[in-house]
Every structure is written in structure tokens, then in C-alpha cells.
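Here is what each chain is made of, one letter per residue.
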Amino acid sequence: MPSVVDICNEAIDLLGGSTITDLTESSKEARLCNRRYETVRDKVLRSHPWNSAITRATLAQDSTAPEFGFTYQYTLPTDPYCLKVLSFWNSNVDSEIAAYDSQVMFKIEGRKILSDEGTCKITYVARVTDTEQFDSLLSSAIAYRLASEVAYAITGSNSLGQQMYQLYQANLAEARSMDAMEGMPDKIIADSFVNSRF
């Protein structure tokens, strides 16, 4: 699987720049990649529920309750770091029911989940730093997004940056299609509002 340097070199190759051997070398390409890689990686991970980045966690209630509006709060995980909550599960929700069933109400504020539910299990997109865990579409998506963000600094071309961003969007569309083929889709439960319309 590609290393961070390999992913950066894929981005640089797309722009026709000079490839690097280490992020700490003194070239412009290395400095740009060193400065932008982690931010771009996290943006790409947040942009799509990559199968290789989805993690589950059971959270403990915080000792202090929210000031108002909800009964309980839970601190989002840091190991691995939670980039985006995908679903909230409680004791009344099992694996056969979509975790985003409208009966489970929650809100994300800062690094907290607020809810009236006394138990909290979540699925979330984790910050994956080990590139060995990336699938090829995720690696390419990071490279395209990185290329789009450093294109002007390397080439002086805004249009090339826009072209790289379009390739990034196409890569995301392919990833959505491929991820959807892996595993069984969530079962969606219609609530009373939806049912009343039929």
C-alpha cells in the first residue's frame, strides 16, 4: 500500500511537479505537502463514509449534564479520533434497524454528543493515519484533493486546480458506488410522518 510520500508524489505527478523522497526535504513540493497533507486527509475522510475508516464505540456518560435541552452528554472518541458521527445507537436500537431512526434524537456540539438517551453507541469516521489501512480509492481521493489545493502554488494555474478538484469529485462518486456494494445496506424504518403521507 502507498505511504504518505507515495500519495503526495501521486498528487505532484498529476501537476507535473518534481517528486519528493521525504516530507522534510527543502523542496517547494515537500514543504507544501508537509503543510497540507494532514488537513487534506481529514477533509477527504470526512467527505465520505469510507468503509476502511468506519469505527464503532460505546461512550460513557459525562459526569456533567448539558446546561439545557438534553439530559445527557457524551465525549466523542479520541482513539481513534472521531472526525464525523455517522449514527447513534441506544439500547432500543439493534443491528436490524437503521441507527438514524428518527426516534433517536441527538446533536453534536463541539466534541460532545447531546441526547436524552441514557446509553450511547456510535458508528463514526475515524482519523486513519496509517496508510496501510487505506483502500486504493481513498489514496487516490487524497492525492486528487491534495493536487487541487497545491496546484496554484506549484504550477501557477487555477484551472489545473479546478480540473484536479473535478477528478477528486469523480473519484468520490466511484468510491460511493464501490462502498455501497460491500455489505448489506442499512434497513430504513419509516416514521409516522412518512407513513401518514401514503
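Up top is the structure these notes are about.
Just so you know, these numbers come straight off a predicted model, no measurement behind them.

Thresholds, definitions, all that
- Residues take numbers from 1 onward in each chain, read along the sequence in its written order.
- Whole-chain, interface and lining totals are the exception, using all residues; otherwise, since this is a predicted model, local features are given only for residues with pLDDT of at least 70 and side-chain atom pairs are given and counted only at 80 or more.
- Excluded from the side-chain calculation are hydrogens and water; included are all heavy atoms of the structure.
- When DSSP locates at least two bridges between a pair of strands, those strands are taken to pair.
- Each helix is a run of H or I in the DSSP string that is no shorter than four residues. Each strand is a run of E no shorter than two, and both are numbered from the N terminus.
- Here an axis means a line fitted to C-alpha atoms, over the contact stretch when the element is a helix, while the angle between two N-to-C directions is reported on a 0 to 180 degree scale.
- Working rule for contacts: check all heavy atoms of both residues, and any pair within 4.5 Å makes them a contact.
- A carboxyl oxygen of Asp or Glu within 4 Å of a side-chain nitrogen of Lys or Arg is what we treat as a salt bridge.
- Think of it in three bands: with a 1.4 Å probe and only protein chains considered, a residue is buried below 20% of the maximum accessible area for its type, exposed above 50%, and partly exposed in between.

Visitor: Could you clarify how one ought to interpret the sheet that holds strand S1 (residues 54-59) in this entry?
Guide: Sheets are built from strands that pair by backbone hydrogen bonding, the pairs being arranged parallel or antiparallel. Spatial strand order, S1-S6-S3: three strands in an open sheet with antiparallel pairing. What marks the edges here is a single partner per strand, and that holds for S1 and strand S3 (82-89). Between one strand axis and the next, the sheet turns by 30° as a mean value, whatever way the strands run. Against the sheet, helix H2 (residues 28-46) engages S3 and strand S6 (120-126), with an angle of about 20° to S3.

Visitor: How should I be thinking about the pattern of salt bridges in this particular structure?
Guide: A side chain with one charge may pair with a side chain of the opposite charge, provided their charged atoms come close. One pass over the full model with this rule turns up six salt bridges. For arginine 36, the salt bridge goes to glutamate 149, with nearest N and O atoms at 2.2 Å. Pair noted here: arginine 36 is in helix H2 and glutamate 149 is in helix H3 (residues 136-155), with a separation of 113 residues, a long-range link. The exposure class of glutamate 149 is partly exposed, given its relative accessible area of 26%. Across the salt bridge formed by glutamate 149 and arginine 145, the nearest N and O atoms sit 3.1 Å from each other. Of this pair, glutamate 149 and arginine 145 both sit in helix H3, separated by four residues, roughly a single helical turn. Since its relative accessible area comes to 14%, arginine 145 is described here as buried. When salt bridges with common partners are traced through the structure, they connect Arg36, Lys43, Arg145 and Glu149 into a single cluster.

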